[in-house]
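Tertiary structure, described
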Amino acid sequence: MQIERGYTIAGRDPLAGLAMRRVTLGDGRGGQVPRDWPTRAARGLAAQAMPGPGPLDLRRATQRLTDALRSRAEARGFLGDAASTQAWTDEMRHMLAGRIAVAASGMWRGGPAVPGDGAQRLVVEAEAATPAEMWRLSRAMRDGAPLELRFAAAPAAPRVVLDLGRFVLDGEVMSEALVRAVRVWVLALAVEARPGALGLAGFGGALMRLGLDPAGREGRMMAAALAALAEAARLAAASELGLSAQGPHGAKGLARLRREAPTAPIAALLDRAATLREGLSGAKAPAAPALAISPLSEAAAILGCGPDPLAPVGALRIDVETPAGHRRAAAPELAAGLAAQGHAPDRIAAVLRHVAGHDSLAAAPGIDHAALRACGLDAERIARIEAALPEARDLRAVITPWRLGRDFCEARLGLAPEDLAAHGLGLLERLGFDAAQIDRANRHVFGHGTMRGAPGITPAQAKVFDTDGRDARARLAMAAMLAGVIDGPVTALIATPEIATAQTARRSLRAARRAGLAALVTLPGGSGEAGDTAPQIAARLREILAMLPPGTRPGTAPAEAIELLEAAGRSRPEARRHARALRERLLGHLVPGGASSAARRDEGRARPHID
């Protein structure tokens, strides 16, 4: 395979080595966090790639990874000349250092892929469930039980995850950059010692950068066009490597999308996907690494997103880490999406201030510098308050006895020395400000965090930037459309607040099964009809699962899963007895018949114990 040095995102520094010379991930004892890497992302990568205790040098780690992949590719004769080989490794290093792609810990360390996202859930083979079993599973979904309801074989665990949001720049999809990235990682996964899929994530972030509503038809079509382009690039690269050919159903989905494409940008992506598919043979079972859309675990921390690859960004107001400390800022997807919607720079700036705040009391309504001076605060005290605002969340946590000073609090507010150590003194109220004034000033300084009330933004435009994401029907519709254009598994996630009743949960379960999804996963959240018992049911089910012996899991048949769910719904002592009985039954299958009961007890102690 020939790979040219293109670098994935146009306009960025193309030399991965230059960036990585400055990258050292520390352990909190003097280590240096790389530029543009939040601490959460740095720790997430360190947990994946660090072979042992101590700081991780990302440059050396990526060099080890790419060297191993290059030697395997050369042994199989997949690479062209030396220039192509160097371009391939440079592309991988650039994407890893730029958090455009995330490699699973198994790739860094040579271990196996972890099925799913690593979360502890009850797996149920729901394809064969009877109507009565479907109803019971729906009630368990509503109650917040951690379930993975499978409608096909176990989904492939992604070894690499691409963030599609990074392939949107200046309101346009960088289609050729996405094609290049898929080619790079198809080759990498093809020579990997262990099988794995190429995961796609960041659909919600990509749509937000394009100014499109993920719950609308155009947004779903754009998401499907991105997936169709990635699938076509995968097939073309695999065909070039002699590994695979046409997938079983993606071509039909692509043809249907091309007939219905609502806009020129979507049509252009679909036409490019169709061009890549031209001339491919018709094998039914591609041997190449598949694409997969599934829950994120380690990758979520590094990419800075949540577990759902389809969901929008988690918050419009984010924390940005700087050498001087934390500060608030609007999510970059917000500014990009507003520009894509055609808003002028001054309006975008006003909206960003509305969302992330002004970080100053200078012009705050009700509690500005003049109001503070009228309360007796001098310039030095006001400066101390201003310096603390970037890392605060509420004015009450800023205007404290420690910043105003003991003398001021005793003389001006009449506080006794023994009262100064108490928390919750409410100094703002003691200074004469009421709750409404404090609330208005808080929103001015720290931002609203949402688009509600943003200047010059219509409700339809603001809907694009809704981070709540509690529209299960819209996300299931998007997942169904994605399942029609890629040949790999698509797993949808649904949060319990989205399924407030068992009937709603049952409809979602049936819709996911009809759509051809590989699985439906429930995420923890609020409660519906179950009220306050939902968190206890979920906690007890996790306790039961934690007591199982290493290397075992409960049965995945619907009836067996329902038995566990019924046990989790009982009192805690009864649930504990059921867990012990299940453990002994499973141990009886694992331990040879001549083994003593003491050996089985010793094996059981290796797992967490419920007291």
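Computed from a predicted structure; not experimentally measured. (Residues numbered from 1 in each chain as written. Predicted model: local features only at pLDDT ≥ 70, side-chain atom pairs only at ≥ 80, totals over all residues. Heavy atoms only, no water.)

1. Quick notes on the overall build of the protein
Filter applied, for reference: By definition, any uninterrupted DSSP run of H or I lasting at least four residues is a helix, any uninterrupted run of E lasting at least two residues is a strand, and each is numbered from the N terminus. We call a residue buried when its accessible area falls under 20% of the maximum for its residue type, exposed when it is over 50%, and partly exposed in between, using a 1.4 Å probe and counting protein chains only. Residues are treated as being in contact if the distance between any of their heavy atoms lies within 4.5 Å. Computed by Shrake-Rupley with a 1.4 Å probe, the accessible areas treat only the displayed protein chains as cover when residues are assessed.
Across its full length, the protein carries 27 helices and 12 strands. Among the 611 residues that make up the protein, the fraction classed as buried is 52%. Taking as baseline every contact in the protein between residues at least 6 positions apart, the subset at least 24 positions apart corresponds to 78%. Counting only carbon and sulfur atoms, one obtains 51% of the accessible surface of the protein, whose full area is about 26,600 Å².

2. Considering the pairing of strand E7 (residues 197-201)
This is how the line gets drawn: Think of it this way: DSSP has to see at least two bridges between two strands before they count as a pair.
E7 sits mainly inside the fold: 5 of its 5 residues count as buried. Every second residue of E7 is oriented toward a common face, with Ala 197, Gly 199 and Ala 201 on one face and Leu 198 and Leu 200 on the other, all of them buried. With 5 bridges joining them, strand E4 (residues 158-163) and E7 adopt parallel strand pairing. Each residue of the ladder has a partner; that of Leu 162, found in E7, is Leu 200. Inspection of the sheet shows E7 paired to strand E8 (residues 291-292) by 2 bridges, in the parallel sense.

3. Brief notes about the packing of helix H6 (residues 131-142) against helix H25 (residues 558-568)
Note the following rule: Helix axes use the C-alpha atoms of the stretch in contact, all axes being lines fitted to C-alpha atoms, and the angles between their N-to-C directions lie in the range 0 to 180 degrees. Oblique is the label for any angle not under 35 degrees, not over 145, and not in the 65 to 115 range, which are roughly parallel, roughly antiparallel and roughly perpendicular in turn. What makes a crossing left-handed is the near helix being turned counterclockwise from the far one by less than a right angle; a clockwise turn instead makes it right-handed. Each residue gets one label: Ala, Val, Leu, Ile, Met, Phe, Trp, Tyr, Cys and Pro are nonpolar, Asp, Glu, Lys and Arg are charged, and the others, such as Gly, are polar.
For the pair H6 and H25, interaxial distance at closest approach is 10 Å and the crossing angle is 40°. Compared by their axis directions, H6 and H25 come out oblique. As H6 packs across H25, the resulting crossing turns out to be left-handed. Residues Glu 133, Arg 136, Leu 137 and Ala 140 of H6 lie in contact with H25, whose contacting residues are Pro 558, Ala 559, Ile 562, Leu 565 and Glu 566. For the contact of H6 with H25, the per-class residue count stands at 6 nonpolar, no polar and 3 charged.

4. Side note on the environment of Ala 177
Its location among the elements puts Ala 177 in helix H7 (residues 175-190). Using a relative accessible area of 4% as the deciding quantity, one classes Ala 177 as buried. Between the C-alpha atoms of Ala 177 and Phe 167, which are 10 residues apart in sequence, the distance is 7.0 Å.

5. Focus on the pattern of salt bridges
For clarity, the threshold we go by: For salt bridges, the criterion is a side-chain nitrogen of Lys or Arg within 4 Å of an Asp or Glu carboxyl oxygen.
Considering all chains together, one arrives at 22 salt bridges under this definition. A salt bridge links Asp 271 to Arg 258; the nearest nitrogen and oxygen atoms lie 2.9 Å apart. Of this pair, Asp 271 sits in helix H11 (residues 264-277) while Arg 258 is found in helix H10 (residues 250-260), placing the two residues 13 residues apart along the sequence. Owing to a relative accessible area of 36%, Asp 271 belongs among the partly exposed residues under this scheme. Between Glu 429 and Arg 396 there is a salt bridge, and its shortest N-O distance comes to 3.6 Å. A residue pair is termed long-range when its members are at least 10 positions apart, and Glu 429 in helix H19 (residues 427-430) and Arg 396 in the loop between helix H16 (379-388) and helix H17 (401-404) qualify at 33 residues. Here Glu 429 falls in the partly exposed class, since its relative accessible area comes to 38%. Judged by relative accessible area, which is 40%, Arg 396 ranks as partly exposed. What emerges from the salt-bridge pattern is a single network uniting Arg 72, Arg 159 and Glu 192.

6. Regarding the sheet that holds E4
Reading across from one edge, E1-E4-E7-E8 is the order of the 4 strands in this open sheet, with mixed pairing throughout. On the outer flanks of this sheet lie strand E1 (101-103) and E8, each paired with one strand and no other. Both E1 and E4 contribute to a ladder of 3 bridges, which runs antiparallel. In the strand pairing of E4, Val 102 is matched with Val 161.

7. Let's talk about the sheet that holds strand E3 (residues 147-150)
Spatial ordering of the open sheet is given by E2-E3-E12-E11, a layout of 4 strands whose pairing is mixed. On the outer flanks of this sheet lie strand E2 (122-125) and strand E11 (491-495), each paired with one strand and no other. Shown here is a sheet whose adjacent strand axes are inclined to one another by a mean of 20°, direction ignored. In this sheet, strand E12 (residues 519-523) lies alongside E3 in antiparallel orientation, the contact comprising 3 bridges. The residue bridging Leu 149 from the neighbouring strand is Leu 520, located in E12. Along the sheet, H25 makes contact with E2 and E3, crossing E2 at roughly 145°.

8. Let's talk about helix H4 (residues 82-97)
What counts is decided by this rule: Given a helix with a known number of residues, its expected span is that number minus one, times 1.5 Å.
The first and last C-alpha atoms of H4 sit 22 Å apart over 16 residues, in line with the 22 Å expected at 1.5 Å per residue. Here H4 lies mainly inside the structure; 13 of its 16 residues are buried. Downstream of H4 by a residue or two, Arg 99 has a phi angle that is positive, lying close to 60°.

9. Examining unusual backbone geometry
Non-glycine residue Asp 170 carries a positive phi angle of around 55°. Within the element layout of this structure, Asp 170 appears in the loop between strand E5 (168-169) and strand E6 (172-173). With phi around 60°, Asp 359 is a residue other than glycine that occupies positive phi space. Relative to the helices and strands, Asp 359 resides in the loop between helix H14 (345-356) and helix H15 (369-374).

10. Some words on the packing of helix H9 (residues 217-240) against H11
Running from amino to carboxyl end, H9 crosses H11 at an angle of 20°, the nearest separation of the two axes being 8 Å. If you check the angle between H9 and H11, you find them roughly parallel. Here the hand of the crossing between H9 and H11 comes out left-handed. Between H9 and H11, the contacting residues are Glu 218, Met 221, Met 222, Ala 225, Leu 226, Ala 228, Leu 229, Glu 231, Ala 232, Ala 233, Leu 235 and Ala 236 on the first element and Pro 265, Ile 266, Leu 269, Leu 270, Arg 272, Ala 273, Leu 276 and Arg 277 on the second. The class makeup of the residues in the contact of H9 with H11 is 16 nonpolar, no polar and 4 charged.

11. Points about the side chain of Thr 491
Here Thr 491 is to be found in strand E11. Leave out the neighbours within four places in its chain, and Thr 491 touches Pro 155, Ile 293, Ser 294, Pro 295, Ala 518, Ala 519 and Val 521.

12. Focus on the nonpolar core
Nonpolar side chains tend toward joint burial in soluble globular proteins. As a reminder, the rule being used: Throughout this description, the term nonpolar core refers to a set of buried Ala, Val, Leu, Ile, Met, Phe, Trp, Tyr and Cys residues connected via side-chain atoms within 4.5 Å.
Within the largest apolar cluster, 133 residues are counted, with the highest numbers of intra-cluster contacts made by Trp 88, Leu 162 and Trp 185. Among the elements that make up this core, the one with the highest residue count is H9 (14 residues).

13. A look at helix H2 (residues 39-49)
In an α-helix there are 3.6 residues to a turn, and that puts residues three or four apart on one side. Taken residue by residue, H2 has Ala 41, Ala 42, Gly 44, Leu 45, Ala 46, Gln 48 and Ala 49 as its buried positions. Those residues of H2 that are buried lie in contact with helix H3 (58-76), E1, helix H5 (105-109) and helix H12 (298-303).

14. Looking at the confidence of the model for the protein
We apply this condition: What pLDDT conveys is the predictor's confidence in a given residue, as a value from 0 to 100.
In this model, the protein carries a mean pLDDT of 81, and residues with pLDDT of at least 70 account for 82%. Note on residues 13-23: pLDDT under 50 across the span, and 21 contacts to partners over four residues away in sequence or across chains. The low-confidence segment residues 26-31, where pLDDT is below 50, has 4 contacts with residues more than four positions distant or belonging to other chains.

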